[in-house]
Amino acid sequence: TSFLVILAIMALMVVVDYRRLLHIEAEADLINRDAVPGIYYSTSVRAAWFGGFVLVQDAYVQEDEGERRAGLAGLPASDKALEELYTAYEKTVMRDDDRQLFEAFKKALADYMRIRAAVLTPQMLGNPQQAREYIRTQLRPAFYVGRDILAQMVAENKKQADQATQGIQDAVDNAEFGMLTSLG
């Protein structure tokens, strides 16, 4: 009977250790599917967001309309990169809080693009002073809204990665403790 007790204890230890391994696997999967890609794409979206705004702002520093147009020539490629990156980021969105931030960013992006369209009109291209004022009073505040949401997205993804990493460490620590306890 003592042999059966030992076998039962060993079977119980296998089940407990297997559950710990499943927890570790789930946390590692979360890091691979959500946290790391989320950090990468959210920081990439933020860089593209800044890049597009700087293109517009720098173009209107130029006094010559031809130079302004040349400065804005990179905008379609910048917009395309931003769209590709935020589409890639959307595929990493798995949590409700992340979804809410992403939806808030999409709204901020739509507002920003609507305001930016006014800056890119022929009238504004011909009147840099008016455009700079519009950028200062309308576009820059809309840019800041998106920038702040993106900063939250980056921070939340970092927090998710930290929590998942801590979950793995805790599971490993518990497994070590369980093994040492069973030996001792």
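I will try to describe carefully the structure that is included in this document.

1. Observations concerning the overall build of the protein chain
Okay, so step 1: Of the regular secondary structure elements, the protein chain holds six helices and zero strands.
Okay, so step 2: Ordered by position from N to C terminus, the α and β elements of the protein chain give α-α-α-α-α-α.
Okay, so step 3: Its C-alpha atoms give the protein chain a radius of gyration of 26 Å, more than 25% over the compact-globule value 16 Å for 184 residues.
Okay, so step 4: Along the three orthogonal principal directions, the C-alpha set of the protein chain runs to about 95 × 25 × 20 Å.
Okay, so step 5: Every one of the 184 residues in the protein chain was classed for burial, and the buried ones make up 32%.
Okay, so step 6: In the protein chain, 78% of the contacts between residues at least 6 apart in sequence involve partners at least 24 apart.

2. What about the side chain of arginine 95?
Okay, so step 1: Turning to its location among the elements, arginine 95 is positioned in the loop between helix H3 (75-90) and helix H4 (96-119).
Okay, so step 2: The exposure class assigned to arginine 95 is buried, which follows from its relative accessible area of 15%.
Okay, so step 3: Here the side chain of arginine 95 touches aspartate 97 through a polar contact of 3.2 Å, side chain to side chain.
Okay, so step 4: Here arginine 95 is in contact with Asp34, Glu156, Asn157 and Gln160, once residues within four sequence places are set aside.

3. Let's talk about the packing of helix H1 (residues 2-59) against H3
Okay, so step 1: For the pair H1 and H3, interaxial distance at closest approach is 9 Å and the crossing angle is 160°. As summarised for this structure, H1 and H3 are arranged roughly antiparallel, according to the angle between their axes. Classified by chirality, the crossing of H3 by H1 is left-handed. Along the contact surface, H1 presents Gly38, Tyr41, Ser42, Ser44, Val45, Ala48, Trp49, Gly51, Gly52, Leu55 and Val56, while H3 presents Leu75, Ser78, Leu82, Leu85, Tyr86, Ala88 and Tyr89.
Okay, so step 2: Of the residues contributing to the contact of H1 with H3, the split by class is twelve nonpolar, six polar and no charged.

4. A closer look at the nonpolar core
Buried together is how nonpolar side chains tend to be arranged in soluble globular proteins.
Okay, so step 1: Counting 32 residues, the largest nonpolar core has Val45, Trp49, Val56, Tyr60, Phe105, Leu139 and Met153 as its most contacted members.
Okay, so step 2: At the level of elements, H1, H3, H4, helix H5 (122-126) and helix H6 (128-183) are the ones that each hand at least two residues to this core.
Okay, so step 3: Not counting residues up to four positions away in its chain, the partners in contact with leucine 139 are Phe53, Val56, Tyr112, Ile115, Arg116, Val119 and Tyr134.

5. Overview of the packing of aromatic side chains
Okay, so step 1: Tallied over the entire structure, the rule returns ten aromatic pairs.
Okay, so step 2: Pairing tryptophan 49 with phenylalanine 105 gives two aromatic rings, centres 5.4 Å apart and planes at 70°, and the pair type is edge-to-face. Of this pair, tryptophan 49 sits in helix H1 while phenylalanine 105 sits in helix H4, placing them 56 residues apart in sequence. Neither residue differs from the other here; tryptophan 49 and phenylalanine 105 are each classed as buried.

Each value, and the rule that gives it
- Residues numbered from 1 in each chain as written.
- Predicted model: local features only at pLDDT ≥ 70, side-chain atom pairs only at ≥ 80, totals over all residues.
- Heavy atoms only, no water.
- Helix = DSSP H or I, 4+ residues; strand = E, 2+ residues; numbered from the N terminus.
- Rg over C-alpha atoms; globule rule 2.2 N^0.38 Å.
- Buried < 20%, exposed > 50% of the residue type's maximum accessible area, 1.4 Å probe, protein only.
- Contact = heavy atoms within 4.5 Å.
- Polar contact = N/O pair within 3.5 Å; in protein donor to acceptor, adjacent residues only side chain to side chain.
- Axes fitted to C-alpha atoms, helices over the stretch in contact; angles between N-to-C directions.
- Parallel < 35°, antiparallel > 145°, perpendicular 65-115°, else oblique.
- Left-handed = near helix turned anticlockwise from the far one by under 90°.
- Nonpolar A, V, L, I, M, F, W, Y, C, P; charged D, E, K, R; others polar.
- Core = buried A, V, L, I, M, F, W, Y, C linked by side-chain atoms within 4.5 Å.
- Phe/Tyr/Trp six-rings, centres within 6.5 Å; stacked < 30°, edge-to-face > 60°.

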